[in-house]
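Observations on the three-dimensional arrangement
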Amino acid sequence: MEKTSRIPGFYKLPIKERVKKVKEFAELNDEEEEILLSMDGLDSDTADRMIENVVGSMKMPLGIATNFLINGKDYLVPMAIEETSVVAAASNAAKMARVKGGFRAKAGEPVMIGQIQILDANENAMEEIEKHREEILELANAQDKILVSLGGGAKDMEVRKLSDEMLCVHLFVDVRDAMGANAVNTMAEACAPLIEKISGGRTLLRIISNLADHRMVEATAVFDRDTIGGSKVVDDMVHAYEFAALDIYRAATHNKGVMNGIDAVAIATGNDWRAIEAGVHAYASIGGYKPFTKWEKNEDGDLVGSIKIPMAAGTIGGITKVHPMARISLKILGAKSSRELAEVIASVGLAQNFAAMHALSTKGIQDGHMRLHAKNIAVMAGAQGDEIDRVAEVMASEGKIRMDRAKEILDEIRK
Ligand code: NAD
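Quick summary incoming for the structure in this document.

Reading the values: rules and limits
Residues numbered from 1 in each chain as written. Predicted model: local features only at pLDDT ≥ 70, side-chain atom pairs only at ≥ 80, totals over all residues. Heavy atoms only, no water. Near = heavy atom within 4 Å. Polar contact = N/O pair within 3.5 Å; in protein donor to acceptor, adjacent residues only side chain to side chain. Areas by Shrake-Rupley, 256 points an atom, 1.4 Å probe, with all protein chains shown as cover. Core = buried A, V, L, I, M, F, W, Y, C linked by side-chain atoms within 4.5 Å. Buried < 20%, exposed > 50% of the residue type's maximum accessible area, 1.4 Å probe, protein only. Helix = DSSP H or I, 4+ residues; strand = E, 2+ residues; numbered from the N terminus. Pairing = 2+ DSSP bridges. Axes fitted to C-alpha atoms, helices over the stretch in contact; angles between N-to-C directions. Contact = heavy atoms within 4.5 Å. Parallel < 35°, antiparallel > 145°, perpendicular 65-115°, else oblique. Left-handed = near helix turned anticlockwise from the far one by under 90°.

1. A few points about the site of the ligand
- Around the ligand, a shell composed of 21 residues is seen, among which Asp144, Gly180, Asn210, Asp272 and Gly318 lie nearest.
- Aspartate 177 places a polar main-chain atom, nitrogen or oxygen, 3.0 Å from a nitrogen atom of the ligand.
- A distance of 2.7 Å separates an oxygen atom of the ligand from a polar atom in the side chain of aspartate 272.
- Out of a free accessible area of 870 Å², the ligand has 73% covered by protein chains.

Written out as structure tokens, the structure is:
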């Protein structure tokens, strides 16, 4: 039977039933099912090994976005996030995208840049370093036999002049399925003494660049006009995009919406989301800060969205295999390579952006957002146990989701 990520009514199921559906889809074993159900994916020994001075763990809900069809393959997408309505919005957008075949995505080669800073080099240092290209690349590759055996490794280099006193060597390293920072940093440090000798200068910083502009991913989707509410909605969503393209205040919020999806998948899969954030924002700033996505109307009157961003995410290395929830999330996702993972992440970012722009250019986001947030407001007002649902329901039915009203309802219930 073909696997499908269309699971109607998934959101209405009790957690146990949802886990069962995910177990079937991803062929999880009983132990993995138990870890999910335990709501505690990180034991103290593992946590204590991951970082320093551990005193606890900070839990976040792990949700599953349904309906994702990317390059013809169905995905259930794990998302770790604390913000209400993000998972629902992604699932809903992905459902609408399916009408026109879902998302098309393509990631390029996973090439990261290692930087070696050189101070006070000889006058002819740039040419001298270029002349030793093969020797430098060979030394870099000697640091990571595994990467090289997998077809990766340092593939190229360049020398850049940043000022009269400062040069910088870029090592271009194909990091295959890793995020690559450790691999690249090791190479950069190993090559520095040789570069000092060749350049006659002093090397200082030797570190990866988070502007991963040689590791790009693109995704696109067509949203059927009638499915999303008609031609006025299409036109208004294009206007909404133009607002972000023209105004940095709007662009920042537009891009934050994209990152709601991207970060949630990055966190769920144990990826370094700060590295991803740094990369996408730096890329969007080239030539003036811009939206990560573009939206336009095609000749059929449908809405076409696209995204183009750098994506330094891995399916191996870092804590992807160390954190039990990251391991399970990667298994649920079923991405076989860092490139496939990047294609999913970019598609989720695009879906998330669609959902936010659709809500904003129709009824506004507060309606849906606050309905889902009502339970948090009830808790803030002091509701406990059954009271939480009761207070939230009354507020939702009245359309007044506010702390003062929550307190009033709570008082009435308790009387
Ligand atoms: P890593 O060192 O844990 O694993 C990468 C290694 O795994 C490779 O060097 C290779 O030897 C091996 N490997 C085995 N199979 C592979 C495959 N199929 N593809 C690629 N490599 C394979 O991790 P990493 O990805 O080099 O580094 C990621 C970590 O570095 C993250 O935890 C990140 O937080 C951290 N970090 C980030 C920065 C930064 O972004 N500026 C700086 C320092 C460290």
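2. What to know about the nonpolar core
- Judged by nonpolar contacts, the single largest core of 57 residues is most densely connected at Phe68, Val77 and Met79.
- In terms of residue count, the dominant contributor to this core is helix 13 (residues 338-360) (11 residues).
- Membership of the second largest hydrophobic core comes to 32 residues, among which are Ile136, Leu147, Leu194 and Ile208.

3. Comments concerning the sheet that holds strand 4 (residues 111-119)
- An order of 5-6-4-7 is seen for the 4 strands of this open sheet, with the pairing classed as antiparallel. Of all strands in the sheet, those with a lone pairing partner are strand 5 (153-161) and strand 7 (202-209), marking the two edges. Neighbouring strand axes in the sheet, compared pairwise and without regard to direction, differ in orientation by 20° on average.
- Packing against the sheet, helix 6 (residues 133-141) makes contact with strand 5 and strand 6 (166-174), and its axis sits at approximately 130° to strand 5.
- Helix-sheet contacts for helix 8 (residues 181-199) involve strand 4, strand 5, strand 6 and strand 7, and the interaxial angle to strand 7 is about 155°.

4. Regarding the packing of helix 10 (residues 248-268) against helix 11 (residues 273-284)
- Two elements in contact, helix 10 and helix 11, have axes separated by 10 Å at closest approach and are oriented at 150°. Judged by the inter-axis angle, helix 10 sits roughly antiparallel to helix 11. For the pair helix 10 and helix 11, the sense of crossing is right-handed. Along the contact surface, helix 10 presents Asn255, Met259, Ile262, Asp263, Ala266 and Ile267, while helix 11 presents Trp273, Ile276, Glu277, Val280 and His281.

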